[in-house]
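Here is how the chains run, residue by residue.
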Amino acid sequence: MSAADEPQLQRAVSRWQIVGLSINDVVGSGIYLLPAATVALLGPFSLWGVVAAGIVVALLVLCYAQAASYFDEPGGSYLYAREAFGRFAGFEIGWMIWLTRISSAAALSNALADAVARFWPWAGAGMGRIAIIVVSLGFLTGVNIIGVRSAARTGIVLVIGKMLPLLLFVAIGAFYIDPQLAFSGQRPDPHDLQRMGEAALLLLYAYAGFENIPAAAGEYRNPRRDIPFALITMIVTVTVIYAAVQIVAQGTLPGLANSATPLADAASSFGGEALALILTVGATISILGTNSNTMMMGPRFLFALARDGYGPKVLAQVHPRFRTPAAAIFCQGLIALGLALSGSFVQLALLSMTTRLFAYIGTAAAVLVLAKRYADRPGALKLPGGPLIPVLALLLCVALFASASWQNIVAALVAFAVGAVIYKLPRKDAAAD
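Below, the structure is looked at part by part. Being a predicted model, the structure only gives us computed values, none of them experimental. (Residues numbered from 1 in each chain as written. Predicted model: local features only at pLDDT ≥ 70, side-chain atom pairs only at ≥ 80, totals over all residues. Heavy atoms only, no water.)

Here we come to the overall build of the protein chain. The helix and strand tally for the protein chain stands at 16 helices and zero strands. When burial is assessed residue by residue, the protein chain has 56% of its 433 residues classed as buried. Partitioning the contacts of the protein chain with sequence separation of at least 6, the portion at a separation of at least 24 is 84%. Summed over its atoms, the accessible surface of the protein chain is roughly 17,600 Å², and 68% of this surface lies on carbon and sulfur atoms. (Helix = DSSP H or I, 4+ residues; strand = E, 2+ residues; numbered from the N terminus. Buried < 20%, exposed > 50% of the residue type's maximum accessible area, 1.4 Å probe, protein only. Contact = heavy atoms within 4.5 Å. Areas by Shrake-Rupley, 256 points an atom, 1.4 Å probe, with all protein chains shown as cover.)

Residues F169, F210 and Y242 are the most contacted members of the largest nonpolar core, which totals 122 residues. Among the elements that make up this core, the one with the highest residue count is helix 11 (residues 262-307) (16 residues). Of all hydrophobic cores here, the second largest spans eight residues; its members include A113, A115, I132 and I287. (Core = buried A, V, L, I, M, F, W, Y, C linked by side-chain atoms within 4.5 Å.)

The relation between two aromatic rings is expressed through the spacing of the ring centres and the mutual angle of the planes. Scanning the entire structure with this criterion turns up 18 aromatic pairs. Taking the centre distance of 5.3 Å and the plane angle of 85° together, the rings of W16 and F229 count as edge-to-face. A residue pair is termed long-range when its members are at least 10 positions apart, and W16 in helix 1 (residues 15-26) and F229 in helix 10 (residues 223-252) qualify at 213 residues. According to the relative accessible area criterion, W16 is exposed, its value standing at 57%. (Phe/Tyr/Trp six-rings, centres within 6.5 Å; stacked < 30°, edge-to-face > 60°.)

Another aspect to go through is the pattern of salt bridges. Per the stated rule, a full pass over the model turns up four salt bridges. One salt bridge connects R82 with E83, and the closest N-O pair in it is separated by 3.1 Å. With a closest N to O distance of 2.9 Å, R356 and E211 form a salt bridge. Residue R356 is found in helix 14 (residues 352-373), and its partner E211 is found in the loop between helix 9 (193-207) and helix 10; the two are separated by 145 residues along the sequence. Assessed through its relative accessible area of 2%, E211 is described here as buried. (Salt bridge = Lys/Arg side-chain N within 4 Å of Asp/Glu carboxyl O.)

Moving on to the side chain of R129. With respect to the helices, strands and loops of the structure, R129 is situated in helix 6 (residues 126-146). The exposure class assigned to R129 is buried, which follows from its relative accessible area of 19%. Once you skip the residues sitting within four places of it in the chain, R129 turns out to touch N110, A113, D114, W122, A123 and G124.

Here we come to the packing of helix 3 (residues 46-68) against helix 14. Remark: helix 3 packs on helix 14, axes separated minimally by 9 Å, with the N-to-C direction vectors making an angle of 50°. Between helix 3 and helix 14, the angle is such that the two are oblique. Between helix 3 and helix 14 lies a crossing of left-handed hand. For the pair helix 3 and helix 14, the contacting residues are L60, C63, Y64, Q66 and A67 in the first and A359, Y360, T363, A364, V367 and A371 in the second. (Axes fitted to C-alpha atoms, helices over the stretch in contact; angles between N-to-C directions. Parallel < 35°, antiparallel > 145°, perpendicular 65-115°, else oblique. Left-handed = near helix turned anticlockwise from the far one by under 90°.)

A full pass over the atoms with the stated rule returns zero disulfides. C63 forms no disulfide, and the closest cysteine sulfur to it belongs to C397, at a distance of 8.1 Å. The class for C63 is buried, based on a relative accessible area of 0%. (Disulfide = S-S within 2.5 Å.)

In this section: helix 16 (residues 406-423). A rise of 1.5 Å per residue sets the reference length of helix 16, with its 18 residues, at 26 Å; its end C-alpha atoms lie 25 Å apart and thus fit the reference within 8%. All buried positions along helix 16 are accounted for by N408, I409, A412, A415, G419 and Y423. The arc that holds the buried residues of helix 16, viewed along the axis, is 125°, so those residues lie on one side. Among the exposed residues of helix 16, those oriented more than 90 degrees off its buried face are W406 and V421. (Expected span 1.5 Å × (residues − 1). Arc of directions from axis to C-beta.)

This part covers the environment of L158. Tracing the sequence through the fold places L158 in helix 7 (residues 148-173). Along the sequence, L158 and S292 sit 134 residues apart, while their C-alpha atoms lie 8.5 Å from each other. Setting aside residues no more than four positions away along its own chain, L158 makes contact with I285, L288, G289 and S292.

Moving on to a nonpolar patch on the surface. Taken together, the side chains of W120, W122, M127, I130, V134 and L341 present a nonpolar region at the surface, about 600 Å² in accessible area. If you tally residues by element for the nonpolar patch, the top one is helix 6, at three residues. Structurally, W122 is set in the loop between helix 5 (87-117) and helix 6. (Patch = residues over 30% accessible without salt bridge, like charges linked within 9 Å, V, L, I, M, F, W, Y side chains within 5 Å.)

At a minimum axis separation of 9 Å, helix 10 and helix 11 run at an interaxial angle of 60°. When the interaxial angle is binned, helix 10 and helix 11 end up oblique. Crossing of helix 10 over helix 11 shows left-handed handedness. Together, V245, V248, A249 and T252 of helix 10 and L263, A266, S269 and F270 of helix 11 make up the contact between the two elements. Across the contact of helix 10 with helix 11, the residue classes break down as six nonpolar, two polar and no charged. (Nonpolar A, V, L, I, M, F, W, Y, C, P; charged D, E, K, R; others polar.)

Quick look at the side chain of E92 now. Within the fold, E92 resides in helix 5. Buried and without a salt bridge, E92 has K424 as its closest oppositely charged side chain, separated by 9.5 Å. A polar atom in the side chain of E92 sits 3.0 Å from the backbone nitrogen of A420. (Lys, Arg positive; Asp, Glu negative; His and termini not counted. Polar contact = N/O pair within 3.5 Å; in protein donor to acceptor, adjacent residues only side chain to side chain.)

Just distances and angles here, no functional claims.
This is the structure we're talking about:
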C-alpha cells in the first residue's frame, strides 16, 4: 500500500469541541484538592496565588497558541521542538510528555476508584478497585479507538458533568461567604523559598494539561485557527472558575487547610449533605473526564514518535475503519493498566510536573525560533511584545524546574537519558517512512 493509499486521520473535531476538550484536560481532580492545599501553603493570599498562577500559565498558553498557528500536523510540543531544534530535541520532548501521559492515566484511574469508594465502599479495595480501574481504562481506550468524534463527544459530555457541580457550588456558596474568614489567617513567610516553590508547582499542576490539546491537531478541522482560540478561551474561563471556587471555599469553611475533601466539606457547611454528594459525584466525573483526555491525547505523541521512526511501525498506522491511531491508543491503555494495577505508576506520577516542564521549556524556546522562521505564514498568530512573552515564560519554567525536589530532578534526568538511548535505536526503515 502506497503512502497515498494509506488511511489518514479524520479531521472531525470542531472549534467549540476543542474548547471543551481543553477545559476538560485542565479542570480535573486538582480543583477538588486545590483550595485546601493552597490555603495551607499561602494562607489568606491563596486567592491571589490562584489568579497569579493563571496569569503565569497564560504566558505559556500564548506560546502554545502561537506555535499551533504555524502547523496543521499532530505532535504539539514534540513537533514544535523538532521543527525548531532538530529531531533529537523533538524526540526527547515527545518522550517526556508521553511518560507524563502514561503516569497520569494510571494515577487518575486509581484516583477514580478512591472517589467512587466515598459512596460505594466496595470500590476501595480488592476486586472492586481492580474492576473500577479495568472498566474505566477499558472504556476510555475503546471510545478513543472507535473514533476521534466519539472521543470528542464523550469529552464534551464529561466536561459538562464536571462543570455543573462547580458552578452550583459557586452560585450557592457566594451567598454564604464570610469576608473575614476568606481573607484572614496566618500569612506565609516570603523568605521560605521552598514553601513558595512548592506552592508554585502545586498551582501550576492545577492548570496543567493544556499542552496536550495541539497533539491531536491532525484530527481538528482547522487547527491553525481553532487551537489558539480554544487555548486562550480556556485559560480565561479556567482562571475565573478557579478564583471563584477558591474564594467560596475560603469564605465558607473554617479549617479549610486541614480538609481532605475541601469542596465537599464546604458544600456540606452551607448546602447540606445533598450538595456535598453532588460535589463528590462531580469529583468522580471530573477525574474520569480528565483521564478521557489523557487517553485521547497521549497516544498522539506515541503515534507521532512512531511515525518518525521510533518504536514499532504498527504504532504509526491509522486504523482503516476508525481512522484513529488505534495501535498507539491500545498500547497506552495496556501500559497504563499495568502500571495502575501494580502501583509502580506512583514514581512516574511524582515526575509528572517535572516532565511537563520539559515540554513547557521546549515550546517557549521553540517559539523564539519559529516566530522568525514562519513570521510571514498566512494566519500566523503574532504575540504582543515580540519575544517578550516566550522569554518570560522560559525564565519562569526554568525557575520552577529549579524549585522541584532533587529526587524528582534526578529521576527526570534519568528518564531523559533513557530517551537518548532509545533515540539512538530508530527503526531500520525510519528513513523510508
